[in-house]
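# Analysis of the macromolecular model
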Amino acid sequence: MIKTGVFLISMAFLMPVFLKAQPQQQKKEQVYANTAFADHGPASAYSTTRGTVAVVDEKGRNVVLSWLFDVRGGYALSLVDAATGKSEVFPMPFNPGGDCPYASVFSSRGKFYTLFNSNFVEFDLGKRAFTFHHKTAPQMAMGMTEDDKGKIWAVTYPNSGVVCFDPATGAFTDYGYLNKENWQQYQRYMATDDQGWVYFALGNTNSQLIAFNPESRQVNKLLQPAERKRGTAYLYPDKNGKVYGQALADTNGAWYEMYEGRIKPIGTGHRPNEKPIITGSQALRHLSFPDGSKVTSLNLIDKVLITEDAHGKKNTVNFDYPSEGSWVMGVGTSPDQQSLIGGSSFPMRQFNYTAAADKWSTRPAFGQYNALTTSGSYVFFGSYPGGVLVMWDTKKPFKEGSAMAKDNNPRVLFKCTPVIHRPHRVLVHPDGKTVILGGTPEYGYTGGGLLFYDITTNKHVLLTDNDIEKDQSTMSLTNIAGGKVLGGTTVSPGTGGEQKARLALLYIIDPVSKKLMWKEPVIAGAKSYTDLTTRKDGKVYGIADRSIFFLFDPQTKKVIFQKDVRKLYGNTVGEQSPRVFINGEGDDLYILFENAITKVDPQTSEIRLLSKTPQAIRAGGCFLKNQIYFISGSHLFSYTL
């Protein structure tokens, strides 16, 4: 039985320990018509799973099914024979479009289902093939279940769309959107009762339990306004034919009984007797085979599957799968000016590319390294989830598992969640000891904070949005004259949160007193200050909304030059910590757009095109030895100036 509770969801974000670095097989560098560009291969040549089930096929053989996810999205289903390691990979019957499974269900009839990129799909284990897929309203299932008649149900992000597929008849019904909110809805749990009512639980800004009658299409919102909570509601199908849930998942909290579309409070102390349905989020791990054996390890890095039978005997096999590499958050230059460094996502890996030797290595990372900066021999990462500040001393060997966490290298300095959950920028102050981290808050929250951390004393101050600008978060940071810091905000909330502010702003803060000195929405209509960089004359270049290029004077607190450059070059490069500005030799400053590399004229502030790119730039960007490096797809590219 697979439980779709909070424990499985959190598994997707477990922080792995550091192990021996893994060398990567490299693809031969691609040759382009413009020989200034070079493709150095994937930064992290691995995929990850988005749901795994251990099942038995029609021949009685134990097999492991896993949804595969790389930079393309959920591109295929992997099937591995647990006894031999023989593997098969079945490409999805539709373009994943960068999207991937967030929920799946393995049915009582031996079929595996998911829904993403607005496509519902069925894989028939007996036929070793995808046997059905159908377009739906956007976008991806967050919850799925199987009812008593074998029908498959799914509820989708972001607007609670519900669909149903009947494998017996092939009938597919899209019921459309059932619940309206002014924020994006996450529906992590879904169930049906024995009377045919369908239920789902949603969050994150404000939890809710929804009941739906497919025959009459009646929709009942079961929680009253006072009962709704920040976070995600929880429910499950019980063996007695009813559905039970909570406003928030809490073992000691109050329970509700749901039946025939109605809800009844039953107090605390309820003991779940869950119906055995193999379903869950992207963290689905149904690892027990019917014969009592189980999967103890499915390692997509080393491509090793380990199983253990009911008597404790282990079997280790090797398997294979194709991958175009994982999603890369950005790339920076190492402190010794010899390597390109950064982090990949799903799996979470820290990578290193030694440019002169054309050599790669990766190792597990403390989460998703959204942001990075360097100071002396140190590299500082801002990691998701948890708003984690990580410090790596590059002059010391990697070390993990120490009795004292401070002895590890890299090591976690501080976790900021819920005030900061998804880091967008990390900055080192010129004093060399103060590290500043900004970003958006925990799921369902609006308005993120700012962390000041002293690496010499380990003391810290964590400001909230109330200390800077309520309902906004810091997107960009740069040091300015007088030891002060200039920050740029975004009105975007935490994931699944409610946007409340209208205009982003610039602000000046004193890192010593931690007091705000000035703030103002200097660009009309701007929703986010994408990136900032300080010139040698003390003025600051900035990008707002990935399209408005401007020059700001911190002394007068005025914008002295502004131009919308979208029509000329498109949007600037994105990602969660956009590395748009690239500082080169001397005063040279470059700007990365999605399809162009440009240079700024410091005298006129005009932008000059250097080159269109052979492939779209997805994440920036750094400078090393007369080359600009950036990420396209999962690959590291360089452009020789």
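For clarity, every value in this text was computed on a predicted model and none was experimentally measured.

## What to know about unusual backbone geometry
In the segment running from Pro138 into Gln139, the intervening peptide bond is cis, with an omega of 15°. Mapped onto the fold, Gln139 is located in the loop between strand 9 (129-135) and strand 10 (140-146). Cis geometry is found at the peptide bond from Thr417 to Pro418, where omega equals 10°. Looking at the element boundaries, Pro418 is found in the loop between strand 34 (411-415) and strand 35 (422-428). Unlike most non-glycine residues, Ser118 shows phi in positive territory, near 60°.

## What about the packing of aromatic side chains?
A ring pair, where both rings are aromatic, is described by two values, the distance of the centres and the angle of the planes. Within this structure, the stated rule accounts for 36 aromatic pairs. Both rings, one in Tyr236 and one in Trp255, keep their centres 6.1 Å apart while their planes meet at 85°; by these two values the pair is edge-to-face. Of this pair, Tyr236 sits in strand 18 (residues 234-237) while Trp255 sits in strand 20 (residues 255-259), placing them 19 residues apart in sequence. With a centroid separation of 6.1 Å and 70° between ring planes, the pair formed by Phe549 and Phe561 is classed as edge-to-face. You can see Phe549 sitting in strand 45 (residues 548-553) and its partner Phe561 sitting in strand 46 (residues 558-564), a full twelve residues away along the chain. With a relative accessible area of 0%, Phe549 lands in the buried category. A cation sits over an aromatic face here: Arg230 above Tyr445, 4.0 Å from the ring centre. Positioned above the aromatic ring of Phe452 is the side chain of Lys514, whose terminal nitrogen or guanidinium carbon lies 5.4 Å from the ring centre.

## Some words on the nonpolar core
Judged by nonpolar contacts, the single largest core of 27 residues is most densely connected at Phe549, Ile591, Leu592, Ile597 and Phe630. At the level of secondary structure, the elements contributing two or more residues to this core comprise strand 44 (540-544), strand 45, strand 47 (581-583), strand 48 (589-593), strand 49 (596-600), strand 52 (627-632) and strand 53 (635-640). If one sorts the elements of this core by residue count, strand 48 sits on top with five residues. What Ile597 contacts, discounting residues up to four positions off in sequence, is Phe37, Ile591, Leu592, Arg608, Leu609, Leu610, Ser611, Thr613, Ile617, Ile628, Phe630 and Tyr639. One finds Trp67, Val121, Phe130 and Tyr157 within the second-largest nonpolar core, a separate group that totals 23 residues.

## Observations concerning the side chain of His421
Mapped onto the elements, His421 comes out in the loop between strand 34 and strand 35. When its relative accessible area of 8% is taken as the criterion, His421 is described as buried. Within the structure, His421 has its side chain in polar contact with the backbone nitrogen of Gly386 (distance 3.2 Å). Once residues lying within four places of it in the same chain are set aside, the contact partners of His421 are Ser383, Tyr384, Pro385, Gly386, Gly387, Thr440, Pro441, Glu442 and Tyr443.

## What about the sheet that holds strand 26 (residues 314-318)?
One open sheet holds the three strands; their spatial order is 24-25-26, and the pairing between them is antiparallel. At either margin of the open sheet sits one strand with a lone partner, and together these are strand 24 (294-299) and strand 26. Within this sheet the neighbouring strands show an average axis-to-axis angle of 15°, counted without direction. Examined bridge by bridge, strand 24 and strand 25 (residues 304-308) share five bridges and lie antiparallel to one another. When the sheet's bridge partners are listed, Val295 is paired in strand 25 with Thr307.

## What to know about the environment of Tyr590
One can find Tyr590 in strand 48. Residues Tyr590 and Ala82, 508 residues apart in the sequence, show an inter-C-alpha distance of 52 Å.

## Points about the confidence of the model for the protein
When pLDDT is averaged along the protein, the result is 93; 95% of the residues meet or exceed 70. Considering only residues more than four positions removed or in separate chains, one finds that residues 25-29, a stretch of pLDDT under 50, has ten contacts.

## A word on the pattern of salt bridges
Within the structure shown, the criterion is met by 24 salt bridges. Taking the shortest distance from any N to any O, the salt bridge between Asp537 and Arg535 comes out at 2.5 Å. For Asp537, a relative accessible area of 43% translates into the label partly exposed. Among the residues examined, Arg535 registers a relative accessible area of 19% and is labelled buried. Each of the salt bridges in this network shares a partner with another, and the network as a whole consists of Asp57, Glu58, Glu88 and Arg128.

## A look at the sheet that holds strand 4 (residues 73-81)
Within the open sheet, the five strands sit side by side as 5-4-3-2-23. Their pairing is mixed. Only two strands of the sheet have a single neighbouring strand rather than two, namely strand 5 (87-91) and strand 23 (285-286). One ladder, built from five bridges, connects strand 4 with strand 5; its direction is antiparallel. Bridging from a neighbouring strand, Ser78 pairs with Val89 of strand 5.

## Regarding the environment of Val55
Residue placement: Val55 occurs in strand 2 (residues 48-56). Judged by relative accessible area, Val55 falls into the buried class, the value being 4%. Between the C-alpha atoms of Val55 and Pro96, which are 41 residues apart in sequence, the distance is 25 Å. The contact partners of Val55, leaving out residues within four places of it in the chain, are Arg61, Asn62, Val63, Leu65, Phe106, Leu125 and Phe289.

Rules and cut-offs
Residues numbered from 1 in each chain as written. Predicted model: local features only at pLDDT ≥ 70, side-chain atom pairs only at ≥ 80, totals over all residues. Heavy atoms only, no water. Helix = DSSP H or I, 4+ residues; strand = E, 2+ residues; numbered from the N terminus. Phe/Tyr/Trp six-rings, centres within 6.5 Å; stacked < 30°, edge-to-face > 60°. Buried < 20%, exposed > 50% of the residue type's maximum accessible area, 1.4 Å probe, protein only. Lys NZ or Arg CZ within 6 Å of the ring centre and 35° of its normal. Core = buried A, V, L, I, M, F, W, Y, C linked by side-chain atoms within 4.5 Å. Contact = heavy atoms within 4.5 Å. Polar contact = N/O pair within 3.5 Å; in protein donor to acceptor, adjacent residues only side chain to side chain. Pairing = 2+ DSSP bridges. Axes fitted to C-alpha atoms, helices over the stretch in contact; angles between N-to-C directions. pLDDT = per-residue confidence, 0-100. Salt bridge = Lys/Arg side-chain N within 4 Å of Asp/Glu carboxyl O.

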